[in-house]
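Architecture and fold: a report
Listed here are the chains, written in short residue letters.
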Amino acid sequence: MNNRFLTNQQISSLVEAIQSAEEHSSGEIRVHIDSNTEDDNAKTAFEVFKELCMNKTTERNAVLFHVNFDQKYLTIIGDVGVHEKVNQSYWDHLHDYITSEFAKGNYYKALKSGILETGLELKKHFPVTGENPNQLSDEITFS
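We now turn to the structure provided with this report. (Residues numbered from 1 in each chain as written. Predicted model: local features only at pLDDT ≥ 70, side-chain atom pairs only at ≥ 80, totals over all residues. Heavy atoms only, no water.)

Focus: the overall build of the chain
Counting secondary structure elements, the chain contains five helices and four strands. Along the chain, helices and strands appear, N-terminal first, in the series α-β-α-β-β-α-α-α-β. For the chain, the C-alpha atoms occupy an extent of roughly 40 × 30 × 25 Å along the three principal directions. Classification of the 143 residues of the chain by burial places 48% in the buried group. Relative to all contacts within the chain whose residues are 6 or more apart in sequence, the contacts with residues 24 or more apart total 72%. Carbon together with sulfur atoms contributes 47% to the accessible area of the chain, which is approximately 7,600 Å² in total. Here the chain carries 13 positive and 22 negative side-chain charges, and the mean point of each set is 3 Å from the other. (Helix = DSSP H or I, 4+ residues; strand = E, 2+ residues; numbered from the N terminus. Buried < 20%, exposed > 50% of the residue type's maximum accessible area, 1.4 Å probe, protein only. Contact = heavy atoms within 4.5 Å. Areas by Shrake-Rupley, 256 points an atom, 1.4 Å probe, with all protein chains shown as cover. Lys, Arg positive; Asp, Glu negative; His and termini not counted. Charge placed at Lys NZ, Arg CZ, Asp CG, Glu CD.)

Shown next, in the form of structure tokens:
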């Protein structure tokens, strides 16, 4: 996938950040980079969430970062289990930080930081208690 905002090495590093963030939590994190949507990014993000089966984790504790760099748009979606435990102000703050870094051109730094911060938050609410199977792919998806 040709991506002018992230290098292949940065994409690989983001996958490693997802793996690291998920290590101490049963939560699942995905990143989807959308280069096609021109209108309703939020609606598209919810469609991607379902397409990636993120609403099918055991504890309903998946989080999607849906990014449209061209539109300068970020949607963060947490499943039902996440919203029962994590305050909306947390997501608002994280969203503001990431989008402010995007505005400076710090795409990689912002996404990596957001992924790792989300991992810490998920660890508080969904700590590993025994086996921790990876329920969803850690690969970044594109459209």
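From this point, the discussion proceeds with the structure in view.
Remarks on the environment of Phe-142
Within the element layout of this structure, Phe-142 appears in strand β4 (residues 141–142). C-alpha of Phe-142 to C-alpha of Asn-36: the two residues are 106 residues apart in sequence and 9.4 Å apart in space.

Structural notes on a negative patch on the surface
A surface patch of negative charge is lined by Glu-38, Asp-39, Asp-40, Glu-47 and Glu-51. Along the chain, Glu-47 turns up in helix α2 (residues 41–51). For Glu-47, a relative accessible area of 38% translates into the label partly exposed. (Patch = residues over 30% accessible without salt bridge, like charges linked within 9 Å, V, L, I, M, F, W, Y side chains within 5 Å. Salt bridge = Lys/Arg side-chain N within 4 Å of Asp/Glu carboxyl O.)

A few points about the pattern of salt bridges
Taken as a whole, this structure holds five salt bridges when the rule is applied. Where Glu-101 meets Lys-104, a salt bridge forms, and the shortest distance between an N and an O atom there is 3.2 Å. A relative accessible area of 5% means that Glu-101 is categorised as buried. What makes Lys-104 exposed here is its relative accessible area of 57%. One salt bridge connects Glu-121 with Lys-124, and the closest N-O pair in it is separated by 3.1 Å. Here Glu-121 pairs with Lys-124, and both are found in helix α5 (residues 107–125), just three residues apart, close to one helical turn. The class of Glu-121 is buried, set by a relative accessible area of 10%. Here the salt bridges share partners, and the residues they tie into one network are Glu-101, Lys-104 and Lys-109.

Quick look at the side chain of Glu-22
By the element assignment, Glu-22 lies in helix α1 (residues 8–22). Within the buried core, Glu-22 has no salt-bridge partner, and the shortest N-O distance to an opposite charge, that of Arg-30, equals 7.1 Å. Polar contacts involving the side chain of Glu-22 include one to the main-chain amide nitrogen of Ile-29, which spans 2.7 Å. Sequence-distant contacts of Glu-22, that is, excluding residues within four places in its chain, are made with Gly-27, Glu-28, Ile-29, Asn-132, Asn-134 and Asp-138. (Polar contact = N/O pair within 3.5 Å; in protein donor to acceptor, adjacent residues only side chain to side chain.)

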